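Here is what each chain is made of, one letter per residue.
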Amino acid sequence: MRYNSSGYYEEKISLLGLGSESFQLDEKSLYEKEKCAEIFKTAFEKGITFFFSPFSPDEITKKCFGENLSRKNRGDYCICGGISLDDVTFPNNLPDYFEKQLSALKTGFFDYYVIDGILEKSDLLLKNNHIFQNLWELKSLGKIKHLGLSIPDSKNDYRAVLDEYPWDFVLMKINFYSWDYLGADEIYHAVRKKNIPFIASDPYFGGMILNPPREVFDIFQEGDPLYSMREWALRWFFNKKGLLCIISDPETAEELSETADIVSESKTLNSSKKHYVKLAARELHQKNCGSCSE
């Protein structure tokens, strides 16, 4: 595994992080718990040190994280969590929400913590309920090491919130499609201008990049038939400055293993391959626009 060498923070962060969106857990789901344990085992074997816990108040998944991470020394991994403003009633239950998350995870503190849903609610909610200040206080107490902002897209006015507070990092939904067609390039350059590192989520555009329309797949085949769709998607990130980590949400241990092997190599896309990525993104956009108009 390759590790972040950006020099922003002292933690040893694997360039690939394990997320949980594909985990389907309930109290009686022994099979899924065993499946998750196998995914974590593979993550440890592949040298992954960054783990992304869900924003939702889903204690079962958080307990799954906590149980599996307890097999490692606390200094050997980073845990990233967050709070969705959709799940919190202000101004009273923010501390309780936070403590329940930590209690379920049993990690003692968050290395990285993200505020999600600010842009949809507007920065007035952030100010009127002293959300940033409350979380900054938790940071001063050592319960959060790095506090970040989630920017899902460029539709909302994120710049005011980005400029208003001293964010340690930004969580971005970014991939080669959103770069040209959903404003991810604009967000990236705004974040880079402030010299704030970023964590990348949704590298496969909701799975569409892994299973594209035939016309898109054919473009990539012409570009290099030996590259898998996963390789095209991940290697696109490798020359992005300020990148801390790419979050993957694997459904199986085998999928995580394949992804980790790709990220472990430093092979980037040359100019010819970048050209094919542009062509494929444009074709995918045309397909999406065609579907919307039907």
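Our subject is the structure listed above.
Residues numbered from 1 in each chain as written. Predicted model: local features only at pLDDT ≥ 70, side-chain atom pairs only at ≥ 80, totals over all residues. Heavy atoms only, no water.

Engineer: Which residues make up the nonpolar core, and what values go with them?
Structural biologist: Membership of the largest hydrophobic core comes to 81 residues, with the highest contact counts inside it found for F51, L135 and W167. The next biggest cluster of nonpolar side chains, apart from the first, holds 14 residues, and it includes C78, C80, I199 and C245. (Core = buried A, V, L, I, M, F, W, Y, C linked by side-chain atoms within 4.5 Å. Buried < 20%, exposed > 50% of the residue type's maximum accessible area, 1.4 Å probe, protein only.)

Engineer: Describe the pairing of strand 7 (residues 198-201), listing the residues and the values that go with them.
Structural biologist: The two faces of strand 7 match: F198 and A200 on one face and I199 and S201 on the other face are all buried. Sheet topology places strand 6 (residues 169-173) next to strand 7; 4 bridges connect them, and they run parallel. The residue bridging K173 from the neighbouring strand is S201, located in strand 7. Here strand 7 pairs with strand 8 (residues 243-248) via 3 bridges, running parallel. The residue of strand 8 that forms the bridge with F198 is L243. (Helix = DSSP H or I, 4+ residues; strand = E, 2+ residues; numbered from the N terminus. Pairing = 2+ DSSP bridges.)

Engineer: An account of the pattern of salt bridges is requested, with residue identities and associated values reported.
Structural biologist: One pass over the structure, following the stated rule, counts 13 salt bridges. Among the ionic pairs, R74 bridges to D111, the shortest N-O distance being 2.8 Å. A residue pair is termed long-range when its members are at least 10 positions apart, and R74 in the loop between helix 2 (59-69) and strand 3 (78-84) and D111 in strand 4 (residues 110-116) qualify at 37 residues. The two residues R74 and D111 agree in class, both being buried. A salt bridge links K278 to D180; its shortest N-O distance comes to 3.1 Å. With a gap of 98 residues between them, K278 in helix 13 (residues 271-293) and D180 in helix 8 (residues 176-181) connect regions that are remote in the sequence. A relative accessible area of 45% means that K278 is categorised as partly exposed. Since its relative accessible area comes to 31%, D180 is described here as partly exposed. (Salt bridge = Lys/Arg side-chain N within 4 Å of Asp/Glu carboxyl O.)

Engineer: Go over helix 9 (residues 184-193) with me, naming the residues and quoting the values.
Structural biologist: Within helix 9, the full set of buried residues consists of A184, I187, Y188, A190 and V191. Projection of helix 9 onto a plane perpendicular to its axis shows the buried side chains occupying an angular sector of 165°, all on one side. For helix 9, the elements touching its buried residues are strand 5 (144-151), helix 7 (159-164), strand 6, helix 8 and strand 7. Taken from the residues just after helix 9, N195 is the one with a positive phi, measuring 60°. (Arc of directions from axis to C-beta. Contact = heavy atoms within 4.5 Å.)

Engineer: Explain the side chain of S201 residue by residue, including any values.
Structural biologist: Note that S201 resides in strand 7. Residue classification places S201 among the buried residues on the basis of a relative accessible area of 14%. Other than its neighbours up to four places away in sequence, S201 contacts L171, M172, K173, I174 and I247.

Engineer: Tell me what's going on with helix 12 (residues 253-264), and back it up with residues and numbers.
Structural biologist: If you check helix 12, its first and last C-alpha atoms are 16 Å apart, about what 12 residues at 1.5 Å a residue would give, namely 16 Å. Within helix 12 the residues assigned to the buried category are A253, E255, L256, S257, T259, A260, I262 and V263. (Expected span 1.5 Å × (residues − 1).)

Engineer: Quick rundown of the environment of L94? Include the residues and the values.
Structural biologist: By the secondary structure assignment, L94 is in helix 3 (residues 94-105). When its relative accessible area of 2% is taken as the criterion, L94 is described as buried. Each C-alpha atom of the pair L94 and I83 lies 8.8 Å from the other, and the pair is 11 residues apart in sequence.

Engineer: Which residues make up the sheet that holds strand 1 (residues 16-18), and what values do they have?
Structural biologist: Taken together, 8 strands build a closed barrel; the order of strands is 1-2-3-4-5-6-7-8 and the barrel is parallel. This sheet shows a mean twist of 30° between the axes of neighbouring strands, independent of strand direction. The strands touched by helix 2 within the sheet are strand 1, strand 2 (50-52) and strand 3, with strand 2 carrying the most contacts at an inclination of about 160°. Each of strand 1 and strand 8 is contacted by helix 12, which is oriented at about 160° to strand 1, the strand it contacts most. (Axes fitted to C-alpha atoms, helices over the stretch in contact; angles between N-to-C directions.)

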